[in-house]
Amino acid sequence: METIHVLREFFFLGRGEFALNLIEQSSERVRNRWRRPGAMKAPLSGVIIKEGEVSTILTRTWGVLSSLQGEEVIDERLDTARDLLYLSLYKPPPASTTPSKNPRRKLPRSIKYDEIFSYLISVRKTQSRLQSLWQGRRNPPPQDNVSKEDRARRKTLFRSREAKERKIWATASVAIFFLETLVSYWQGEVMESAFKTLIEVVAPQKSNTDPSIAENENEDGGNTRQEPNQQQKQQQDPESLMLAHHEYLTTIKHNLFMSDIVFAPLIKKLLQECDVMAGGIERLRQRYAIQDLEIEGVNFVGDEGEARGEVLQRCKDVVQLLKQLMGRLHRIDEEREEGAKVDRLLMRMDLGNLEA
């Protein structure tokens, strides 16, 4: 039971602080690589975390989480997670199918937790990076020794930039809203519902039958009710638990749209384009910061309008992908039967400003 809770809280990102700190530790290296000149045209494979950095990132994440707890607080699940979980970029060999005692009953191959973890953490990482862009959007305050004419000139310059970047920031805002809504739906509707169903099988509640009713049934000789212990043993049969666990992971994977041959590639492409767009925005803001210093002899590679144009092109790609994803979600809702629809997710999303 403890292991199941640990996997839910950490591998499936039930604890938001674990995801945020893990992303913060890993994203800084990637963020620095995107800021290099020409990174926008570089292959995406050149800006990923390397295997040798993974263990260090996880160790630092555990350290940050432990410091947040305080010295007097003992978090047993955090300690269990530290001993149980590890991260690696290499895929383990495929697990062999577990034989069943019943020759007619084939147990399905288990879905790996790392597949779901990688899917979830990639979405949260892009969401976090887009949100961090707003920290560098504020224009620097004017210096005390600046004349009124210079103040007016700089104010006009900032307004001009804001007008030219309106589409950029609108696209980033819509992308954040889409990812936030998706993550909230996954954690609140998908994961929690599947986890409760699994717990009902793994740790069923004891029968609350009224003893007086049971006594009357015995007197009538009509009591065929199983004893709670016997019923619990049947529910905790190893093969039944294995099947319940497989159903748990299958349900999650299905409702995260990981198995959808249209949605899964689209969301992956969206995350990649959002990362490239974010890198372009960061380089553009850095360019502005240096220009505002008005240092003589400082030259930039390429024109400012060209650099902004590259980001705007990425924005168009992001908007197009968002439209395709929304269209696919509507199609999924139409294809699914009652009880498995995604209308509650669609109700939360209002992306009418994609045409803006």
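For clarity, every value in this text was computed on a predicted model and none was experimentally measured.

1. Examining the overall build of the protein chain
Within the protein chain, the regular secondary structure consists of 13 helices and 0 strands. Its helices and strands in sequence order give the protein chain the pattern α-α-α-α-α-α-α-α-α-α-α-α-α, from N to C terminus. For the protein chain, with 356 residues in total, the buried portion stands at 39%. Counting contacts in the protein chain only where the partners sit at least 6 residues apart, residues at least 24 apart contribute 78% of the total. Entry remark: accessible area of the protein chain is about 21500 Å², with carbon and sulfur atoms responsible for 51%.

2. Concerning unusual backbone geometry
A positive phi is found at Leu 13, a non-glycine position, where the angle reads about 60 degrees. The residue Leu 13 is located in the loop between α1 (2–11) and α2 (16–34) in this model. Even without a glycine there, the phi angle at Phe 257 is positive, about 65 degrees. For Phe 257, the position within the fold is in the loop between α10 (238–255) and α11 (263–293). On the basis of relative accessible area, Phe 257 is assigned to the buried category, the value being 1%.

3. A closer look at empty space enclosed by the protein
For the structure on display, the rule yields 2 cavities of 30 Å³ or more. Put simply, the second largest cavity is a space of about 30 Å³. Surrounding the second largest cavity, Phe 10, Phe 11, Phe 18, Leu 58, Leu 85, Leu 87 and Phe 117 form its lining. Across the lining of the second largest cavity, the residue classes tally to 7 nonpolar, no polar and no charged.

4. Side note on the packing of aromatic side chains
In total, this model carries 10 aromatic pairs according to the counting rule given. Taking the centre distance of 6.3 Å and the plane angle of 90 degrees together, the rings of Phe 11 and Tyr 113 count as edge-to-face. Of the two residues, Phe 11 is situated in helix α1 and Tyr 113 in helix α5 (residues 113–132); the sequence distance between them amounts to 102 residues. The same class applies to Phe 11 as to Tyr 113, namely buried. Centroid distance Phe 12 to Tyr 248: 6.2 Å. Interplanar angle 45 degrees. Geometry classified as tilted.

5. Considering the nonpolar core
Judged by nonpolar contacts, the single largest core of 75 residues is most densely connected at Phe 12, Phe 178, Trp 186, Phe 257 and Leu 270. For this core, the leading source of residues is helix α7 (residues 166–202), giving 19 residues.

Each value, and the rule that gives it
Once a new chain begins, its residue numbering starts again from 1 and follows that chain's sequence as written. Restriction of local features to residues with pLDDT of at least 70 applies here, the model being predicted, together with a cutoff of 80 or more for giving and counting side-chain atom pairs; totals for whole chains, interfaces and linings are based on all residues. To get the side-chain values, take all heavy atoms of the structure and skip hydrogens and water. Secondary structure is summarised from DSSP: a helix means a run of H or I of at least four residues, a strand means a run of E of at least two, and numbering begins at the N terminus for each. Categorising residues by exposure relies on relative accessible area from a 1.4 Å probe, with only protein chains included: less than 20% of the type maximum marks a residue as buried, more than 50% marks it as exposed, and the intermediate range marks it as partly exposed. We call two residues in contact whenever any of their non-hydrogen atoms come within 4.5 Å of each other. Reported accessibility uses the Shrake-Rupley method at a 1.4 Å probe radius. Residues are deemed covered only where the shown protein chains occlude them. The method works on a 1 Å grid over the protein atoms by themselves. A cavity is a set of points holding a 1.4 Å probe that cannot get out, a pocket is an open set with protein on both sides within 12 Å along at least five of seven lines, and residues with an atom within 4 Å of a point line them. Grid points are joined across faces, edges and corners, and a volume is the space filled by probe spheres set on the points. Gly counts as polar in this scheme, as do all residues outside two lists: the nonpolar Ala, Val, Leu, Ile, Met, Phe, Trp, Tyr, Cys and Pro, and the charged Asp, Glu, Lys and Arg. Each aromatic pair joins two rings of Phe, Tyr and Trp (for Trp, the six-membered one) with centres within 6.5 Å, and gets the label stacked for planes under 30 degrees apart, edge-to-face for over 60, and tilted for any other angle. By nonpolar core is meant a set of buried Ala, Val, Leu, Ile, Met, Phe, Trp, Tyr and Cys residues that side-chain atoms within 4.5 Å join together.

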